[in-house]
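For reference, the chains in residue letters:
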Amino acid sequence: MRMGLLRGLCVALLCGAWAAAETPDEAIDRLTKAAEATRDLTVKYMLQGTETTSRGKRTMTGTMEFQMLRDGGKTLLRMAASLAAEEPGEGEGAPPAKREAKMLSVNDGEFVWTERPMGPQRTVGVEKELPRARRGLGQGELSGPIEGAYAAAGLKGHFERFQRDNDITLGPKGTIAGRPTTVFEVVRKQEEADKAAEPRRGGPPVRMVIGLDDATGATLALKFINAAGDVSRDQIATEVKVNSGLDKTLFTYTPPEGMKVVDRTQPAEKSALPAMPEPEKKAP
């Protein structure tokens, strides 16, 4: 089923009619208005990827659910992900190293709560942060391209950041999860692509294909290709529900009893993070 869906994405992205009558900026403006008019949204995704590491190829598979609700003047966000990664073990004949992780991020309109494995022991903990203009859920590469249309900066602000270091073009129109989709190709400018290349690892993506839902501005497909040629992330929507009347209680969060909370809204001395030690002064 997974490969069938991914093949369907390829057909949608490669075989659609080119959107020659519209510029990228015009498409972004249109999709920004669609996102602003959407009251609530649920998108379920399937994702996989491959990345070159010092041990060999690391593969990733997983599922993700993203939800958004307009609540008065606030935009509430929620993302839950379940991921599994596998790479060759250390040493000849060693079994593959496997790792599984679950992550939950909730923007309740005031704070962002992120529950995930933390530290070398991968103990599950919680981070409490203030929302940022372009990162309403704060998980960087994992959530940024998904939440972009609904963070404070909006879809237009999200693409303005891309435009600093990338060339953006419109790809062929397509259909994903039964929904008409506008496709963007985002390619690192050469000097930035050279910086991203690493001899043993793929590094950050130098090319991205992003498919956005015409009706809501939601991200329906993502493909990240890094400098090593790895498709490090291949994500596609499998189910979309729009304006279904989501319950506001989905966007409330209380840390489980006994779980460590790192409060990044407070100065270091008041959070759960230890302050950095002062550098040792040398005798004159």
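Just above sits the structure.
Scoring rules and cut-offs
- Residues numbered from 1 in each chain as written.
- Predicted model: local features only at pLDDT ≥ 70, side-chain atom pairs only at ≥ 80, totals over all residues.
- Heavy atoms only, no water.
- Helix = DSSP H or I, 4+ residues; strand = E, 2+ residues; numbered from the N terminus.
- Buried < 20%, exposed > 50% of the residue type's maximum accessible area, 1.4 Å probe, protein only.
- Contact = heavy atoms within 4.5 Å.
- Areas by Shrake-Rupley, 256 points an atom, 1.4 Å probe, with all protein chains shown as cover.
- Expected span 1.5 Å × (residues − 1).
- Arc of directions from axis to C-beta.
- Axes fitted to C-alpha atoms, helices over the stretch in contact; angles between N-to-C directions.
- Parallel < 35°, antiparallel > 145°, perpendicular 65-115°, else oblique.
- Nonpolar A, V, L, I, M, F, W, Y, C, P; charged D, E, K, R; others polar.
- Pairing = 2+ DSSP bridges.
- 1 Å grid on protein atoms, 1.4 Å probe; cavity = no way out; pocket = protein on both sides within 12 Å on 5 of 7 lines; lining within 4 Å.
- Points joined across faces, edges and corners; volume = space filled by probe spheres on them.
- Core = buried A, V, L, I, M, F, W, Y, C linked by side-chain atoms within 4.5 Å.

Participant: Run through the overall build of the chain, naming residues and quoting values.
Facilitator: Assigned secondary structure in the chain consists of five helices and 13 strands. Buried positions account for 44% of the 284 residues belonging to the chain. Taking as baseline every contact in the chain between residues at least 6 positions apart, the subset at least 24 positions apart corresponds to 58%. Per element, the accessible surface of the chain, about 15,200 Å² overall, is 52% carbon and sulfur.

Participant: Describe in detail unusual backbone geometry, supporting the description with residues and values.
Facilitator: Despite not being glycine, Ala177 has its phi angle at roughly 50°, a positive value. Position of Ala177 among the secondary structure elements: in the loop between strand E8 (174-176) and strand E9 (179-188). Residues other than glycine seldom take positive phi values, yet Asn243 does so here, at roughly 50°. Note that Asn243 resides in the loop between strand E12 (231-242) and strand E13 (261-263). On the accessibility criterion, Asn243 (30% relative accessible area) is partly exposed.

Participant: So what's going on with helix H2 (residues 24-36)? Residues and values would help.
Facilitator: Taking 1.5 Å per residue as the helical rise, H2 with its 13 residues ought to reach 18 Å, and the 18 Å between its terminal C-alpha atoms agrees with that figure. Looking at H2, one finds that the buried residues are Ala27, Ile28, Leu31, Thr32, Ala34 and Ala35. Angularly, the buried residues of H2 cover 160° about the axis, an arc narrow enough to put them on a single face. Summarising the geometry of H2, the exposed residues directed more than 90 degrees from the buried face are Lys33 and Glu36.

Participant: Before we move on, can you summarise the packing of H2 against helix H4 (residues 154-165) with the specific residues and values?
Facilitator: Here H2 crosses H4 at 150°, and the two axes come no closer than 9 Å. One way to sum up the angle between H2 and H4 is to call them roughly antiparallel. Contact residues: H2 offers Asp25, Ile28, Asp29, Leu31 and Thr32, while H4 offers Leu155, Lys156, Phe159 and Gln163. Within the contact of H2 with H4, the residues separate by chemical class into four nonpolar, two polar and three charged.

Participant: Before we move on, could you go through the pairing of strand E4 (residues 97-107) and cite the residues and values that matter?
Facilitator: Within a regular strand, side chains alternate between the sheet's two faces. Strand direction decides the pairing type here: strand E3 (residues 74-87) and E4, joined by 11 bridges, are antiparallel. Residue pairing in the sheet places Leu83 in a bridge with Ala101 of E4. Sheet analysis places E4 next to strand E5 (residues 112-118), joined by four bridges and oriented antiparallel. For Asn107, the partnering residue across the bridge sits in E5 and is Val112. Connecting E4 to the next strand, E5, in antiparallel fashion are four residues, including Gly109 with a positive phi near 95°.

Participant: Describe empty space enclosed by the protein, listing the residues and the values that go with them.
Facilitator: Summed over all chains, the structure comprises one cavity of 30 Å³ or more. Every residue lining the largest cavity is listed: Pro145, Gly148, Ala149, Leu155, His158, Phe159, Phe162, Ile210, Leu212, Gly217, Thr219 and Leu222. Here the element with the most residues in the lining of the largest cavity is H4; it accounts for four residues. In terms of residue class, the lining of the largest cavity is made up of eight nonpolar, four polar and no charged.

Participant: Can you explain the pairing of E12? Please cite residues and give values.
Facilitator: As judged from the eight bridges shared by strand E1 (residues 40-53) and E12, these two strands associate in the antiparallel manner. By the bridge assignment, Gln48 is partnered in E12 with Asp234. Across five bridges, strand E11 (residues 219-226) lies against E12 in antiparallel orientation. Considered in E12, the bridge of Ala221 is made with Ile236. Between E11 and E12, which pair antiparallel and follow one another directly, the connecting turn spans four residues, one of which, Gly229, has a positive phi of 85°.

Participant: Which residues make up the nonpolar core, and what values go with them?
Facilitator: Leu41, Val43, Phe66, Tyr150, Phe159 and Phe184 are the most contacted members of the largest nonpolar core, which has 40 residues in total. At five residues, the largest contribution of residues to this core is made by E1. Not counting chain neighbours up to four residues away, the residues in contact with Phe66 comprise Leu41, Thr42, Val43, Tyr45, Leu77, Arg78, Met79, Leu137, Ile146, Glu147 and Tyr150. Membership of the second largest hydrophobic core comes to six residues, among which are Leu104, Trp113, Val126 and Tyr253.

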